[in-house]
Amino acid sequence: MVEIRRYSPVSFKASAKRSEVRDNWKVVLEYEGEGKGPHLVDLSHMTRLDVQDANVGAITPFGVTIPEVPGESVLKDNVLINRMNRIQASVFCLDGHKPEIPKESAYTETTEVGMCLAIIGKEVFSILEKLSSLDFTDPARKAPFLFQGPMSHVPCQIITLSKDGAKSGVLFTASRGYGKDMVHAIMDAGAEFGLKPAGEEKFSSWIASL
Amino acid sequence: MALTITCPVCGKRNGYEFRYGGEDKGPRPDEAGLTPQSWCDYVHMNNCVAGVQKEWWFHKDGCGSWFTIHRNTTTNLQVATPEADR
């Protein structure tokens, strides 16, 4: 039997200190010289699903209820669910391991069609201000919440997971083909704030702290 | 002039996130008795209103919704939906 290999659409100009192969993805756990942050983390290997149904609110992916209002998100047990519109929601499984995908026809796995990145650390919103005109710090919106809008002129789903000082962080996805250029733009925007690539462990400890 | 448009899903956003979809011309004409001339008029002819018109927009950089708004073409500002259209 031929062993398949999955490639992340993004790569960083940094050396991996520790990595492992998981579900045919090479997952970097830690990079050399990660520093104190802010950090950019590649999460493209994490399972993502699209849920679409006329009565999408009645579906409970992995036991989590889908929020009622478009733009609202919920994070529970490392499952992030974002209500996109009347009939659609996106699901992110953020524990790094592939779950058993529900068999219902409402689910479509979208992991390999897109890139997924997280920016975490105190200066996240200063970096994002250079990349997007969306108001991530709108006091009227309580984290986590979803924006469907442009970042670096690329249509993205952007989820603000925390606006809480040093714990601030956002996660975003876009089509796979934009990966290389998005990383280039984000690293360039974050250079003045000391943005460094970080491995999955940095993200896991951050999300556990929320 | 900076245009902002209120998407029914995402709320008020920068006009550059949207693609214009043309004037709202109402429902497609009934095929019974439809002449090439009247079909051509429906497809290609526009009113080009200097004032408030109802028009289609597509949120291309956002949620992907197609929706209608009313816009004043002389000020390039979105205006409230008239009572009659609600």
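All values derive from a computational prediction rather than experimental measurement.

Colleague: Explain the confidence of the model for chain B here, please?
Modeller: Fine structural detail should not be taken from predicted coordinates in areas where pLDDT scores are low. Averaged over chain B, the pLDDT score is 92; the fraction of residues at 70 or greater is 97%. For this predicted complex, the interface confidence score (ipTM) comes to 0.86, while the overall pTM stands at 0.91.

Colleague: Any chance you could explain the pairing of strand S9 (residues 114-120) of chain A here in plain terms?
Modeller: Here is the key point about a regular strand: its side chains alternate between the two faces of the sheet. All names here are of chain A. Of all 7 residues in S9, 7 are buried, a share of seventy percent or more. Burial of S9 is two-sided: the residues Gly114, Cys116, Ala118 and Ile120 facing one way and the residues Met115, Leu117 and Ile119 facing the other way are all buried. Where strand S3 (residues 39-42) meets S9, 4 bridges bridge the pair, whose relative direction is antiparallel. Its bridge partner lying in S9, Leu40 is registered against Ile119.

Colleague: Whenever I open this one, the pattern of salt bridges confuses me. Can you help?
Modeller: Side chains that differ in charge, positive against negative, can pair when their charged atoms come close. As enumerated under the stated definition, the model contains 16 salt bridges over all chains in all. Across the pair Arg71(B) and Glu55(B) runs a salt bridge, and its minimum N-O distance is 2.4 Å. Of this pair, Arg71(B) sits in strand S5 (residues 66-72) while Glu55(B) sits in strand S4 (residues 52-58), placing them 16 residues apart in sequence. Just as Arg71(B) is buried, Glu55(B) falls in that class too. Among the ionic contacts, a cluster of salt bridges with common partners joins Lys17(A), Arg18(A), Glu30(A) and Glu201(A).

Thresholds, definitions, all that
- Residues numbered from 1 in each chain as written.
- Chains lettered and ligands numbered in written order.
- Predicted model: local features only at pLDDT ≥ 70, side-chain atom pairs only at ≥ 80, totals over all residues.
- Heavy atoms only, no water.
- pLDDT = per-residue confidence, 0-100.
- Buried < 20%, exposed > 50% of the residue type's maximum accessible area, 1.4 Å probe, protein only.
- Helix = DSSP H or I, 4+ residues; strand = E, 2+ residues; numbered from the N terminus.
- Pairing = 2+ DSSP bridges.
- Salt bridge = Lys/Arg side-chain N within 4 Å of Asp/Glu carboxyl O.

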